[in-house]
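Observations on chain architecture
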Amino acid sequence: MTRCSSRWIAAAVLWIAFAPFAYAETLAATVEQWGLLGSWAVDCAARPDRDKGALLTYEIRGDGRVMYRRNFGDARDENEVVSATVNAEGLLNLMVFFPSLHQTREFGLLLAKDGSLRAIYNRSERGEYTIKDGKYVKTGAPTPLQQRCD
């Protein structure tokens, strides 16, 4: 009996030790297969600007983490993607932890047939939307298409 339980304990310890690596591989594979990796902007020729459009970059680090970098011209940040799933309609659902905001935000992205990217929703962990159904909540204006810049 002792031998059997020690095998289970060893198996559990190995599973706990390697589960984060398997998860990171799955997360990285999801964003890579979906086509998210690289830099995106509304206008790739324009300099990054908070009001006119940021340069948004998604990359996989050497340790397997998926990072989301935002360049607003006058400010930059780097945030970790903690979850990525694709639904039946092809919408990529991301959860990103923003240390500067002390919160995790969830957003959905849609890749169009022409290769452009569009934000469909963006909400806080409390369920407060800034983008809903492809439109900015404050103005009702549709979210702009983003092009791959690299």
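Computed from a predicted model, the values in this text were never measured in an experiment.

Conventions we followed
- Throughout this description, residue numbers start from 1 for each chain and increase along the sequence as written.
- Predicted model: local features are reported for residues with pLDDT of at least 70 only, side-chain atom pairs are reported and counted for 80 or more only, and whole-chain, interface and lining totals are derived from all residues.
- For side-chain calculations, the full set of non-hydrogen atoms in the structure is used, while hydrogens and water are omitted.
- Two strands pair if DSSP finds at least two bridges between them.
- A run of DSSP states H or I qualifies as a helix once it reaches four residues; a run of E qualifies as a strand once it reaches two. Both are numbered from the N-terminal end.
- The cut-offs for exposure are 20% and 50% of the maximum accessible area for each residue type, with area from a 1.4 Å probe on protein chains only; residues under the lower value are buried, those over the upper are exposed, and the others partly exposed.
- Counted as a polar contact is a pair of N or O atoms within 3.5 Å, where, for protein atoms, one must be capable of donating a hydrogen and the other of accepting one, and residues adjacent in sequence contribute only when both atoms are in side chains.
- Contact between two residues is taken to exist if any of their heavy atoms lie within 4.5 Å; hydrogens are not considered.
- What pLDDT conveys is the predictor's confidence in a given residue, as a value from 0 to 100.
- Note on disulfides: each one is a pair of cysteine sulfur atoms within 2.5 Å.

Inspection of the sheet shows strand β3 (residues 66-71) paired to strand β4 (residues 76-86) by six bridges, in the antiparallel sense. Bridge pairing in β4 places Tyr68 opposite Asn79. What sits between the antiparallel neighbours β3 and β4 is a turn of four residues, in which Gly73 has the positive phi angle 85°. Both β4 and strand β5 (residues 92-98) contribute to a ladder of six bridges, which runs antiparallel. The partner of Val86 across the bridge, within β5, is Leu92.

Once that is clear, we can look at the pairing of strand β7 (residues 117-124). Moving residue by residue along a regular strand, the side chains alternate between the two faces of the sheet. Counting buried residues along β7, six of its eight residues qualify, which places the element largely inside the surrounding structure. Sheet topology note: the strand β6 (residues 103-111)/β7 ladder contains seven bridges and is antiparallel. Directly across from Leu110, in β7, lies its bridge partner Arg118. Linking β6 back to β7 in an antiparallel pair, the connection comprises five residues, with Gly115 at a positive phi of about 90°. As paired strands, β7 and strand β8 (residues 129-132) are joined by two bridges and run antiparallel to one another. Its bridge partner being in β8, Asn122 is matched across the sheet by Ile131.

On to the side chain of Thr57, then. Here Thr57 lies in strand β2 (residues 55-60). Given the relative accessible area of 9%, Thr57 is considered buried. Within the local environment of Thr57, its side chain forms a polar contact with the side chain of Ser39, the two groups lying 2.7 Å apart. When neighbours within four sequence positions are excluded, Thr57 is seen to be in contact with Gly38, Ser39, Met67, Tyr68 and Arg69.

Close reading of the predicted structure is inappropriate where its pLDDT is low. Within the chain, residue pLDDT values average 87, and 83% of them lie at 70 or more. Note that pLDDT drops below 50 for residues 8-24; the model gives that stretch three contacts with residues more than four away or on any other chain.

The next point concerns the state of the cysteines. Cysteine pairs can be covalently joined through their sulfur atoms, and such a bond is termed a disulfide. Tallied over the entire structure, the rule returns one disulfide. At a sulfur-sulfur separation of 2.0 Å, the disulfide partner of Cys44 is Cys149. Across the disulfide from Cys44 to Cys149, rotation about the S-S bond amounts to roughly -80°, and the bridge is consequently left-handed. One end of the pair, Cys44, is in the loop between β1 (38-41) and β2; the other, Cys149, is in the segment after β10 (147-148), with 105 residues separating them in the sequence. Given a relative accessible area of 37%, Cys44 falls into the partly exposed group.

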